[in-house]
Amino acid sequence: MGKIAFVFPGQGSQAMGMAKDAYDSVPAATEIFRTADEALGFSLSNLIFEGPETELKQTSNTQPALLTASIALLEALRLKGIQPDYTAGHSLGEYSALVAAGVLSFADAVSVVRARGQYMEQAVPGGQGAMAAVLGADREALGVLCRDVSESGHAVELANINCPGQIVISGVKEGVAAVSARVKEAGGKRAIALEVSGPFHSSLMKGAAEKLAEKLKTVTFSPAAVPVVANVTARPAENGQVQDLLTAQVYSPVLWEDSVTWLIEQGVDTFIEIGSGSVLTGLIKKTDKTVKLYNVNSLETLEATASELEGVI
């Protein structure tokens, strides 16, 4: 019997009304939204369900909102008795993975990611940073190109290694533009500018990371019930390592492709993406077409997943 990994999406997957069906009909999910509102001191639930969307898209709101939707759907899925052998999350999603594994309480996690979003927004003045998705480039060659442009005075780095043929770059606007114009030198087809509020997962976020390190000192970390694969290392976080890894994650590349590959090497053949959208399902499929992929982004997809897995697990 193969193993199961629960994976959780990050920023960019948010949608108005996410997890509303779980909120309406699963008491454990309703409680997650109530806990978020209480922990943050404002109605995050109203923002998710009623908008305005422009506010939901602000990093400091998006991050707690996505975490809340993911954990509400996780609570609904747990009622079906499906348990993971591993958890992992993309960037912000790593916090959902840590909650799923019992490392962080949900109330602590939602408070931390609200602050994380604020620190990331404040780290670089608006309009100075940028990110772009580069399609088809060779990872090593793109890294060399980024170093070349950075040496000319415009910092730009690899930010997300998502899957074969998709790498996100991040840095100052001029650096991202220069690399985007030269992606063919690294075997790339094109670069697509991303709608983000800052140059995430680049060294320009070190100021945000320093503030986050202080915030992380205020919460309790428990031993993981199942291994949580960290973005920074693409390996499970050891007890006592989690704080440092979450701090480094803000300015380090997200090694998503490497994390998925490692999980498959450990015998994972079933990935269940829990939360809004289906971004990770697409990335995992491009990494390995043989694994089984399920989405839990609504009660309808949850029921379909549970019925397909019934008798298998």
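Residues numbered from 1 in each chain as written. Predicted model: local features only at pLDDT ≥ 70, side-chain atom pairs only at ≥ 80, totals over all residues. Heavy atoms only, no water.

(A) The arrangement of the sheet that holds strand β8 (residues 268–274) in detail. Ordered by their spatial adjacency, five strands build an open sheet running β7-β2-β1-β8-β9, and the pairing between neighbours is parallel. The strands lining the two open edges of the sheet, one partner per strand, are β7 (228–229) and β9 (292–296). In this structure, strand β2 (residues 86–89) lies alongside β7, joined through two bridges in parallel fashion. Residue T87 lies in a different strand from β7, and its bridge partner there is V228. In the packing of helix α6 (residues 93–100) onto the sheet, contacts are made with β1 (3–8), β2 and β7, and the angle to β2 comes to roughly 155°. (Pairing = 2+ DSSP bridges. Helix = DSSP H or I, 4+ residues; strand = E, 2+ residues; numbered from the N terminus. Contact = heavy atoms within 4.5 Å. Axes fitted to C-alpha atoms, helices over the stretch in contact; angles between N-to-C directions.)

(B) Helix α11 (residues 242–249), seen in detail. α11 sits mainly inside the fold: six of its eight residues count as buried. Those residues of α11 that fall on the buried side of the exposure criterion are V242, L245, L246, T247, A248 and Q249. Each element contacted by the buried residues of α11 is listed here: α6, α7 (106–123) and α10 (206–216). (Buried < 20%, exposed > 50% of the residue type's maximum accessible area, 1.4 Å probe, protein only.)

(C) Spatial organisation of the side chain of E94. Looking at the secondary structure, you find E94 in helix α6. One buried charged residue, E94, forms no salt bridge at all, with the nearest opposite charge on R116 at 7.5 Å. A polar contact of 2.9 Å, which involves the side chain of E94, links it to the backbone nitrogen of N231. (Lys, Arg positive; Asp, Glu negative; His and termini not counted. Salt bridge = Lys/Arg side-chain N within 4 Å of Asp/Glu carboxyl O. Polar contact = N/O pair within 3.5 Å; in protein donor to acceptor, adjacent residues only side chain to side chain.)

(D) Focus on the nonpolar core. The biggest cluster of nonpolar side chains holds 70 residues, and the ones touching the most others in it are F6, I272 and I274. For this core, the leading source of residues is helix α5 (residues 59–78), giving 10 residues. Excluding residues that lie within four positions of it along the chain, F6 makes contacts with L74, L77, I82, Q83, P84, Y86, T87, A88, I272 and I274. Ranked by size, the runner-up nonpolar core spans 19 residues in total, among them A132, L145, I167 and V183. (Core = buried A, V, L, I, M, F, W, Y, C linked by side-chain atoms within 4.5 Å.)

(E) Quick look at the environment of L245. The topology assignment puts L245 in helix α11. Look at L245 and you get buried, because its relative accessible area is 9%. Residues L245 and N231, spaced 14 residues apart in sequence, show a C-alpha to C-alpha distance of 8.1 Å. L245 has contacts with A230, V232, T233 and A237, leaving out every residue within four places of it along the chain.

(F) Molecular detail of the pattern of salt bridges. Applying the stated criterion to the full structure yields 11 salt bridges. R139 is the salt-bridge partner of D258, the closest N and O atoms lying 2.8 Å from each other. Separated by 119 residues along the polypeptide, D258 in helix α12 (residues 256–265) and R139 in helix α8 (residues 139–151) bring together distant segments of the chain. A salt bridge links E185 to R182, with the nearest nitrogen and oxygen atoms 2.9 Å apart. Taking relative accessible area as the criterion, E185 reaches 54% and is therefore assigned exposed. Each of E31, R34 and E38 takes part in a single network of salt bridges with overlapping partners.

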